[in-house]
Amino acid sequence: MSTATVELAAFLRTRRERLDPRDFDLPVRRSRRTPGLRREEVAELAGVSVDYVVRLEQARGLRPSAAVVEALSGALRLTAEERAYFFDLTRQRPRGTGEPATTAVPSLARLVEDLSPLPAMLLNHRFDILAWNGEMARLLLDFGTLPPAQRNAMWLCLLHPEIREYYVDRERVVREGIAHLRAAWAAHPDDPVLTALIAECTSGNAEFARLWAERDVRGTGGGSKVLRHPAAGVIAVDFEVLVPLRDTGQRLMIGRPADDESREALAARA
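Now for a description of the structure that goes with this document. Since we're looking at a predicted model, the values are computed, not measured.

So, helix 10 (residues 192–204)
- With 13 residues, helix 10 extends 18 Å from end C-alpha to end C-alpha; this agrees with the ideal 18 Å at 1.5 Å per step.
- All of the buried residues in helix 10 are L194, L197, I198 and C201. The arc that holds every buried residue of helix 10, seen down its axis, measures 95°, which confines them to one face. Away from its buried face, by an angle of more than 90 degrees, helix 10 presents the exposed residues P192, S203 and G204.
- Two to three positions downstream of the cap, the backbone nitrogen of V193 sits 3.0 Å from a side-chain oxygen, assigning the N-cap of helix 10 to D191.

Here we look at the sheet that holds strand 5 (residues 250–257)
- The five strands are arranged 2-1-5-4-3 in an open sheet whose pairing can be described as antiparallel. Looking at strand neighbours, the two that pair on one side only are strand 2 (129–132) and strand 3 (223–229), the edges of this open sheet. Direction aside, neighbouring strands of the sheet carry axes that sit 30° apart on average.

Regarding the pairing of strand 5
- Where burial is concerned, most of strand 5 is hidden: seven out of the eight residues are buried.
- Alignment of strand 1 (residues 120–124) against strand 5, held across five bridges, turns out to be antiparallel. Paired with L122 across the two strands is L252, which belongs to strand 5.

Calculation notes
- Residues numbered from 1 in each chain as written.
- Predicted model: local features only at pLDDT ≥ 70, side-chain atom pairs only at ≥ 80, totals over all residues.
- Heavy atoms only, no water.
- Helix = DSSP H or I, 4+ residues; strand = E, 2+ residues; numbered from the N terminus.
- Expected span 1.5 Å × (residues − 1).
- Buried < 20%, exposed > 50% of the residue type's maximum accessible area, 1.4 Å probe, protein only.
- Arc of directions from axis to C-beta.
- Polar contact = N/O pair within 3.5 Å; in protein donor to acceptor, adjacent residues only side chain to side chain.
- Pairing = 2+ DSSP bridges.
- Axes fitted to C-alpha atoms, helices over the stretch in contact; angles between N-to-C directions.

This is the structure we're talking about:
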């Protein structure tokens with residue numbers, strides 16, 4: 001039984017159990033002993049057999065077609081990110097070719113430097129930090145002082161003694177990071193380094209293990225974070241994440257002060 005098959009079963013169960021029957025005009029009977037929709041209700045909404053849904057949720061080796069994935073995605077009201085994750089778990093979404101990026105493409109590394117004075121860094125799908133400029137080092141950490149194995153945004157957020165206390169809304173930041181990582185894992189299930197990172201975080205950090213088990217999925221994108229900067233004080237930073245068309249295995253993260261006070265505080269640190 002493959003890891004993807006087991007994960008698919010758990011993912012479908014959690015998505016089914018979070019649904020409210022009242023949103024589907026279904027009766028809420030006292031006999032409902034578990035939350036969410038029943039399997040037969042999902043089967044009817046998706047136009048598949050109840051036995052098929054049961055076998056999927058019991059990880060009994062089925063590989064749904066793209067049409068079935070689409071139908072179940074609609075029945076379970078999956079978000080765009082969850083739908084993509086579902087397609088990845090069933091190997092129905094086209095995959096890229098080539099080895100995962102482990103070094104920065106030179107032109108992108110130069111772009112990271114050219115983006116100064118905006119803080120910028122280059123990541124791969126595992127959230128390994130491949131390149132960064134001085135502004136990003138001053139904003140977060142001089143990644144050059146770390147062993148290469150620790151230059152990973154998820155590892156730093158969870159386990160680095162300074163960075164783990166950096167975020168004012170730590171629960172949200174960690175939750176979103178894990179949701180990004182889960183999407184990356186489904187898209188790259190054969191990456192042993194990514195699998196090892198997830199195993200290390202799951203066994204070594206109760207917070208990660210708890211949030212990973214919730215199976216939230218989110219595509220990589222922009223957002224905002226409020227930081228407790230040791231020199232600039234509390235500052236708010238907006239981040240954008242861009243994926244180059246020619247090098248889709250790498251992601252460019254660019255930060256900008258979210259307000260005038262944060263801009264002034266960061267300028268004083270330049």
